[in-house]
Amino acid sequence: MSPRGPVRFQQAKGERKRGMGEQILEQLPLLVALVLLWLFLWGSFTVVDILMGIFVAVLVTRVFELPPVTLSGRFNPLWLIVFLVDFLWHVILGSIQVAALAFRFGRVAKSAVVEVNLETRSDFVMTLVAIATSLVPGSLILEVDRDKSTLFLHVIDADTPEKIEKARGDVILTERRLLRALGSRDELDRSDARCSAVKR
Amino acid sequence: MNPISLLHIVVGILLAVTALLVMYRIVKGPTILDRMIASDVMLTTLILVMSTEMALNHHTRTLPVVLVLAGTAVFGSIAVARYVSKQDKAGHPAEPADPGTTELGLTKEEEDAEH
Amino acid sequence: MPNTSSGDLVDWIVGLLLLAGALLSVAAGVGLLRFPDALSRMHAATKPQILGLICVLAAVALEQGNWQTLLIIIPTLILQMITSPMSAHMIGRAGYRTGNYRRDLIYRDELEDDIERAAHRPE
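Bear in mind that the values here come from a model prediction, so they are computed numbers and not experimental data.

What counts, and where the lines are drawn
The residue numbering used here restarts from 1 in each chain and proceeds along that chain's sequence as written. For naming, the first written chain is A and the first written ligand is 1, with later ones following in the order written. Only residues with pLDDT of at least 70 get local features here, since the model is predicted, and only at 80 or more are side-chain atom pairs given and counted; chain-wide, interface and lining totals rely on the full set of residues. The basis for the side-chain values is all heavy atoms of the structure; hydrogens and waters are excluded. Counting from the N terminus, the helices are DSSP H or I runs at least four residues long and the strands are E runs at least two residues long. Only protein chains enter the accessibility calculation, which uses a 1.4 Å probe; a residue is then buried when its area is under 20% of its type maximum, exposed when over 50%, and partly exposed in between. Note on contacts: a residue pair is in contact if any heavy atoms of the two residues lie within 4.5 Å. We call a set of buried residues a nonpolar core when its members are Ala, Val, Leu, Ile, Met, Phe, Trp, Tyr or Cys and they connect through side-chain atoms within 4.5 Å of each other. Take the number of residues in a helix, subtract one, and multiply by 1.5 Å to get its expected span. Each cavity reported here is a set of points on a 1 Å grid over the protein atoms alone in which a 1.4 Å probe fits but cannot get out, each pocket an open set with protein on both sides within 12 Å along at least five of seven lines, and each lining residue one with an atom within 4 Å of a point. Grid points are joined across faces, edges and corners, and a volume is the space filled by probe spheres set on the points. Residues are sorted three ways: Asp, Glu, Lys and Arg are charged, Ala, Val, Leu, Ile, Met, Phe, Trp, Tyr, Cys and Pro are nonpolar, and all the rest, Gly among them, are polar. Each reported salt bridge corresponds to a side-chain nitrogen of Lys or Arg within 4 Å of a carboxyl oxygen of Asp or Glu.

Some remarks on the overall build of chain A
Thinking step 1. Along the backbone of chain A there are seven helices and three strands.
Thinking step 2. Each helix and strand of chain A, ordered N terminal to C terminal, gives the series α-α-α-α-β-α-β-β-α-α.
Thinking step 3. In chain A, which comprises 200 residues, the share counted as buried stands at 40%.
Thinking step 4. Partitioning the contacts of chain A with sequence separation of at least 6, the portion at a separation of at least 24 is 70%.

Re the nonpolar core
Thinking step 1. By size, the foremost hydrophobic cluster in this structure holds 35 residues, and its most contacted members are B:Val11, B:Ile47, C:Leu18, C:Phe35, C:Leu53 and C:Ile73.
Thinking step 2. Among the elements of the structure, α4 (77-103) of chain A, α1 (3-28), α2 (32-57) and α3 (63-89) of chain B together with α1 (4-34), α2 (38-64) and α3 (67-97) of chain C are those that each provide at least two residues to this core.
Thinking step 3. With seven residues, α2(C) is the largest single contributor of residues to this core.
Thinking step 4. Apart from the residues lying within four places of it in its own chain, the contact partners of B:Val11 are B:Thr52, C:Leu18, C:Leu19 and C:Ala22.
Thinking step 5. Listed in part, the 32 residues of the second largest apolar core include A:Val155, A:Leu182, A:Leu188 and C:Ile50.

Details of α1(B)
Thinking step 1. With 26 residues, α1(B) should cover 38 Å at 1.5 Å per step; its first-to-last C-alpha distance of 38 Å lies within 8% of that length.
Thinking step 2. Within the sequence span of α1(B), burial applies to B:Ile4, B:Leu7, B:Val11, B:Leu14, B:Leu15, B:Thr18, B:Leu21, B:Val22 and B:Arg25.

Some thoughts on empty space enclosed by the protein
Thinking step 1. In the structure shown here, the tally under the stated rule is three cavities of 30 Å³ or more.
Thinking step 2. Estimated volume of the largest cavity: approximately 150 Å³.
Thinking step 3. For the largest cavity, the lining is made up of 16 residues, of which B:Asp40, B:Thr44, C:Thr46, C:Gln80 and C:Ser84 are closest to its centre.
Thinking step 4. At the level of elements, α2 and α3 of chain B together with α2 and α3 of chain C are the ones that each hand at least two residues to the lining of the largest cavity.
Thinking step 5. By residue number, the principal contributor to the lining of the largest cavity is α2(B), which donates five residues.

Examining the layout of surface pockets
All names here are of chain A.
Thinking step 1. The volume enclosed by the second largest pocket comes to roughly 680 Å³.
Thinking step 2. Along its surface, the second largest pocket is lined by 28 residues, and Gln 97, Val 136, Pro 137, Lys 166 and Asp 170 are the ones closest to its centre.
Thinking step 3. If you list the elements that add at least two residues to the lining of the second largest pocket, you get α4, α5 (123-135), β3 (150-155) and α6 (161-182).
Thinking step 4. The class makeup of the residues in the lining of the second largest pocket is 15 nonpolar, seven polar and six charged.

Observations regarding the pattern of salt bridges
Thinking step 1. According to the stated counting rule, one finds four salt bridges over all chains in the structure shown.
Thinking step 2. Between A:Asp170 and A:Lys166 there is a salt bridge, with its nearest N and O atoms 3.2 Å apart. Taken together, the residues A:Asp170 and A:Lys166, both in helix α6 and four residues apart, mark about one turn of the helix.
Thinking step 3. With relative accessibility at 54%, the residue A:Lys166 sits in the exposed group.
Thinking step 4. A salt bridge links B:Asp34 to C:Arg41, with the nearest nitrogen and oxygen atoms 2.5 Å apart. Separated into two different chains, B:Asp34 in helix α2 and C:Arg41 in helix α2 make up a pair that spans both.

And the structure:
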């Protein structure tokens, strides 16, 4: 969609010309996840299973080659847990809200299309924010502008400016939590500055 | 009858009601997107029914089927969504299955007003 | 069941989790029926069922009470959680672009504003 999409992909291709070791290191989280999935599906953890899992994971990532997911290198498990708990809470709360909306007779829920400008430039964080926002009931990703890091949400039952601002704030908060867990330092600082500016 | 088996019957009835409501939306449309959404829900309801049956009858035999369904449910809607988008880009708006409904009627009027 | 009273309690919790899943499922069905346009139906359709699925799969895991079951249930949930936003996004985008929504029910459309701004921007 975005005009710069192919360019970024080419950049990713250029990066792939670096050493084999670096390449494997970059894909290590993906490989570990694939091996874990393999083990989970077989339900056993023998040495043969692990070796077979590593073989299949490498094969799959070789055959279906994708541009590598670049991580920031920062990882804070504590904030990840905070994010997950908060996320689960929002899923429960939002499910009940949408369910109540379905049973509310009398008036039709109005919705709004809301633009949210994210701080992050990382595709990975943006994808996670989009998935988390989509899973929280009441909001739905309509369009993504990758160059400007902008998400367009369809928010149900948003017929006042306050409700729209709340939906926007929720997404920005989600992004901030994720940046705290695995974003890069300066993106987190920018997000912090923005949030404190909003509060005042 | 003990209360737990009564609870189980209630769960069964609720899931059947869901399937009926979803079936209504699949038949009624009015657009292909509505039908696709509804058949997605039907698939999730199917997953729920199979999982509920596992929990009630104390076995895990259909768990692999549930796993595969959960993983592949997405392809149908992606295929249909792409088809709708392409049709629209090529200049042929998605044909309304039931032109008499207000949803499409309104959009058409507004489209006319725009041009 | 090693001991009847705890088995009874587990049965109750499993039953209540199944009931919660079924209720959320019905809510999805009713929302699908009552919401006015495709985009709103999208909300009703997918979201409550994620929580319903979590409840029902938790009931299965609790009823079985062993870790092998949990090891299949966790990938199932993760797969569902990753793939359902994808289909929701694809259908939502197609619905928005083909105009399958009721303008009179949109309170504010910032995407339309953005498109207009882009159209009027001097090159």
